[in-house]
Amino acid sequence: MTATKTDAPVSVTRDKRPAPAGEPPGSARSERVSALVQQHGALAVLLVVSLVASFSFDSFATGDNISNMATSSAFLAIVALGMTFVIITGGIDLSVGSLFALGGVLAAWGSRHGTLVALLLPLVVCGAVGVVNGLLVARSRLAPFIVTLAAMLGARGLMLALTDEGANTYLIGKGSFLAELGQGSTLGLGNPVWITLALFVAGAVVLRRTRFGQHVYAVGGNEDAAALMGAPVARTKILVYTLSGVTAGLAGALNAAWLASGVTILGNGMELEAIAAVVIGGTLLTGGLGYVSGALVGVLLLKVIQNVINQIGSLDSSYQQVVSGAFLAVVVVAQTWLGRRRQLL
């Protein structure tokens, strides 16, 4: 019996089993429909919204607009990729927004010493913060909310200290490899977009094809059961928080390369956007079920909504947050309902 190829091979095999005696023939079918809606519902909404916007606004489906949306989505998508692993384990990471800003400042500062330093410095520092988060959550059994909230404040304070309370802005020299990495394009799409796509392919492979990916799902599904089965629960948690820190630092470095400077005001609220995108994409906040591809779809949906509001022109940009919040509430309610329905089938 083989499992369907999805980002989350959890409970998929149940759909393949014939219905037991006495079970209504439509139960398995209803469960499959519920699973499909949970996994691909955001994609369907994204396609519908994009189609309507294409007919409603002449500039929406243009190459320049699509390229700009893709590039601006890349940085949030990288952060959401790391957040997906954390949420699947049943955790949360509120520090990614501050780590994103810190990573950008470190990359811009390090660019004075070469591209290698500019890229490695944010990865090492932000990854170290992720390690500390993971150790406190896994070994000390502290609440992820409190641990990562403290890391958020600490990372933001470190970033402000490096920039003299934001008074100093480090620039990245034009013509450098780092600037080309962030501002260059290939086949009509910015280099950050291609980097993001490569990272998501790698993330999907890790979740679907590696033992670590299975441990991530197991820990999120039932931590005690995972420990009894021999899964390294503590190590898995440490690794996912480390991954979240590294991806946040990388996203910040690429964003700094794109802007040619380490802007200190960025990253505020990004942790909430990343969480919203991951949940909208079908990952359960309670853990145990999630999709890497869904996180990417969630990011694109948020960016398309924002672009549509900008296209309207008469609406303030704050409406994007209102719409995103309302949509997130609907998705969470739908996930809860679908989860209970699948348990009853």
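That block above? That's the structure.
Notes on the structure in this doc start here. (Residues numbered from 1 in each chain as written. Predicted model: local features only at pLDDT ≥ 70, side-chain atom pairs only at ≥ 80, totals over all residues. Heavy atoms only, no water.)

**Side note on the packing of helix α4 (residues 96-110) against helix α5 (residues 115-138)**
Part 1: Running from N to C, α4 and α5 point in directions that differ by 150°, and their axes come no closer than 7 Å. Classified by the angle their axes make, α4 and α5 are roughly antiparallel. Where α4 crosses over α5, the handedness of that crossing is right-handed. In contact with Leu99, Leu102, Gly103, Leu106, Ala107, Trp109 and Gly110 of α4, α5 contributes Val117, Ala118, Leu121, Pro122, Val125, Cys126 and Val129.
Part 2: The residue inventory of the contact of α4 with α5, partitioned by class, reads twelve nonpolar, two polar and no charged. (Axes fitted to C-alpha atoms, helices over the stretch in contact; angles between N-to-C directions. Helix = DSSP H or I, 4+ residues; strand = E, 2+ residues; numbered from the N terminus. Parallel < 35°, antiparallel > 145°, perpendicular 65-115°, else oblique. Left-handed = near helix turned anticlockwise from the far one by under 90°. Contact = heavy atoms within 4.5 Å. Nonpolar A, V, L, I, M, F, W, Y, C, P; charged D, E, K, R; others polar.)

**With respect to a nonpolar patch on the surface**
Part 1: Where nonpolar side chains cluster on the molecular surface, the patch consists of Leu116, Leu120 and Val124 and spans about 300 Å² of accessible area.
Part 2: Within the secondary structure, Val124 is located in helix α5. (Patch = residues over 30% accessible without salt bridge, like charges linked within 9 Å, V, L, I, M, F, W, Y side chains within 5 Å. Areas by Shrake-Rupley, 256 points an atom, 1.4 Å probe, with all protein chains shown as cover. Salt bridge = Lys/Arg side-chain N within 4 Å of Asp/Glu carboxyl O.)

**Focus on helix α11 (residues 233-259)**
Since the α-helix turns once every 3.6 residues, residues separated by three or four places project in the same direction.
Part 1: Over its 27 residues, α11 runs 39 Å from end to end, which matches the ideal 39 Å to within 8%, given 1.5 Å per residue.
Part 2: By the criterion of burial, α11 is predominantly enclosed, with 21 of the 27 residues buried.
Part 3: Two residues or fewer past α11, Ala260 is found with a positive phi of approximately 65°. (Expected span 1.5 Å × (residues − 1). Buried < 20%, exposed > 50% of the residue type's maximum accessible area, 1.4 Å probe, protein only.)

**Quick word on the packing of aromatic side chains**
To describe a pair of aromatic rings, one takes the distance between the centres and the angle between the planes.
Part 1: The full count for this structure, using the stated rule, is two aromatic pairs.
Part 2: Relative to Trp258, the ring of Phe75 lies with its centre 5.2 Å away and its plane at 35°, an arrangement referred to as tilted. Taken together, the residues span a long stretch of sequence, with Phe75 in helix α3 (residues 63-88) and Trp258 in helix α11 at a distance of 183 residues.
Part 3: A residue is classified by how much of its surface remains accessible, and Phe75, at 3% relative accessible area, is buried.
Part 4: Trp258 sits in the partly exposed class, given a relative accessible area of 35%. (Phe/Tyr/Trp six-rings, centres within 6.5 Å; stacked < 30°, edge-to-face > 60°.)

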